[in-house]
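Fold and geometry: a report
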Amino acid sequence: MIYSEISVKTTSEASEVVAYFLQEVCMDGISIYDRNDLYDNASWDYKDDSAELNYVDEVVVKGYCAVSDTEAAVAFLRGKLAALSNAGSLAVTVSSVDGDLWVAKFRETFRPIETDRIVICPEWQTCKTDKLVLLLDTGVAFGTGQHETTSMCLQLAEQLNLSDKRVLDIGCGSGILGLSALLMGAKRAELVDIDEQATAVARHNAAINGLTDKCAIKTGNLTEQTDGKFDVVFANLTADILALLHNDIASVITADSLVVLSGILDVKLQYVTELYSDIFDVAEVKSQGEWRALLLKAKGRAK
């Protein structure tokens, strides 16, 4: 399948915000090409020198969308980029790319995600570590632009007692959060995404990690696909989508549930916090760059 590749040149500091804007219109994957990432990751066992050929002086953020959506996506993006300052040239270019070639090129630059307890290791790489390892084949469902929001979710998950817990991963993408929760002791996980490509990749990742029997992976929206209540809910999305899911998330929790929300830009934090304050108390806020993640506990939950 042929996709449109939309590229934006920017700075390291602004790259996550640009990725956020691209994510709004390019739901088939986001990648960030930052030369600094090649020299700042201890989990890589080996780096081919040819990988540097994918990088230029400015950071490049790339999003992919259907050809028919390109014109509208670029118009939306230019409007958002106009509000940024000190963010590099913000030059926007569009090209066509074969989906299979895109995945192959993406694999050359994908780097592991490492937290205190777990390493998310690409299936095609070798990671030397004594930590828990989740093998991951991203397909086109997960991009490096989501690293900060994902790593904050993992850090919050590591603080929780997940033993024997029932976990829900909303907008699961490649399944990274729900499957990691299982590695950290959760009894059962449901993973839901509206994108069939995402759930196909998540099923593959469950299989290569030996977790298929512990999870249910479903395509569709939250209210149509979930079954029962959950002890822990993960939703790494965007602030606007989290707002839309507020009532749905409320319907799948108990009085003792914990909820992890991420994908929230700093300027949207108060908006999301106030919206969820009717049923949740904020237990913790994590920050990485412009991104925020929340650990929420149901009001009245015992400490």
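Reading the values: rules and limits
Residues numbered from 1 in each chain as written. Predicted model: local features only at pLDDT ≥ 70, side-chain atom pairs only at ≥ 80, totals over all residues. Heavy atoms only, no water. Pairing = 2+ DSSP bridges. Helix = DSSP H or I, 4+ residues; strand = E, 2+ residues; numbered from the N terminus. pLDDT = per-residue confidence, 0-100. Contact = heavy atoms within 4.5 Å. Phe/Tyr/Trp six-rings, centres within 6.5 Å; stacked < 30°, edge-to-face > 60°. Buried < 20%, exposed > 50% of the residue type's maximum accessible area, 1.4 Å probe, protein only. Core = buried A, V, L, I, M, F, W, Y, C linked by side-chain atoms within 4.5 Å. Axes fitted to C-alpha atoms, helices over the stretch in contact; angles between N-to-C directions.

**Details of the sheet that holds strand β7 (residues 132–136)**
An order of β5-β6-β7 is seen for the three strands of this open sheet, with the pairing classed as mixed. Two strands bound the open sheet, and with one partner strand each, they are β5 (113–114) and β7. The pairing of strand β6 (residues 118–122) with β7 spans five bridges and is parallel. Its bridge partner being in β7, Ile118 is matched across the sheet by Leu132.

**With respect to the confidence of the model for the protein**
With 84% of its residues at a pLDDT of at least 70, the protein reaches an overall mean of 84. Confidence drops under pLDDT 50 across residues 41–53; counting only partners more than four residues distant or on other chains, this segment forms 23 contacts. When the criterion is pLDDT under 50, residues 141–145 qualifies, and its contacts beyond four places in sequence or with other chains add up to 25 contacts.

**Some details on the packing of aromatic side chains**
Applying the stated rule across the entire model yields three aromatic pairs. Both rings, one in Tyr20 and one in Phe21, keep their centres 6.1 Å apart while their planes meet at 65 degrees; by these two values the pair is edge-to-face. We classify Tyr20 as buried; its relative accessible area is 5%. Judged by centre distance (5.3 Å) and plane angle (55 degrees), the ring pair of Tyr20 and Trp291 falls under tilted. Of this pair, Tyr20 sits in helix α1 (residues 15–25) while Trp291 sits in strand β14 (residues 291–298); the two residues are 271 residues apart in sequence, bridging distant segments of the chain.

**Focus on the environment of Ser7**
When you line up the elements, Ser7 lands in strand β1 (residues 2–10). With 88 residues separating them along the chain, Ser7 and Ser95 place their C-alpha atoms 8.4 Å apart. In this view, Ser7 contacts Val60, Val61, Lys62, Ala91, Val92 and Thr93; residues no more than four positions away in its chain are not counted.

**Digging into the nonpolar core**
Note on soluble globular proteins: their nonpolar side chains tend to be buried together. Counting 82 residues, the largest nonpolar core has Ile6, Leu22, Ile170, Ile249 and Leu261 as the members making the most contacts within it. It is strand β12 (residues 253–265) that provides the largest number of residues to this core, a total of seven residues. Not counting residues within four places of it along the chain, the set of residues in contact with Leu22 comprises Ile6, Val8, Ile30, Val61, Lys62, Gly63 and Leu77. Counting five residues, the second largest nonpolar core, distinct from the first, contains Tyr3, Val60, Tyr64 and Val97.

**A short note on the sheet that holds β1**
A sheet is described by the order of its strands in space; here four strands give the open sequence β2-β3-β1-β4, paired in antiparallel fashion. Each of the sheet's edge strands pairs with one partner strand only, and the pair in question is β2 (30–33) and β4 (92–98). Across the sheet, the mean angle from the axis of one strand to that of its neighbour is 25 degrees, orientation sign disregarded. As paired strands, β2 and strand β3 (residues 59–66) are joined by four bridges and run antiparallel to one another. Across the sheet, the residue bridging to Ser31 is Lys62, located in β3. Sheet strands in contact with α1 are β1, β2 and β3, and its direction is about 5 degrees off that of β3.

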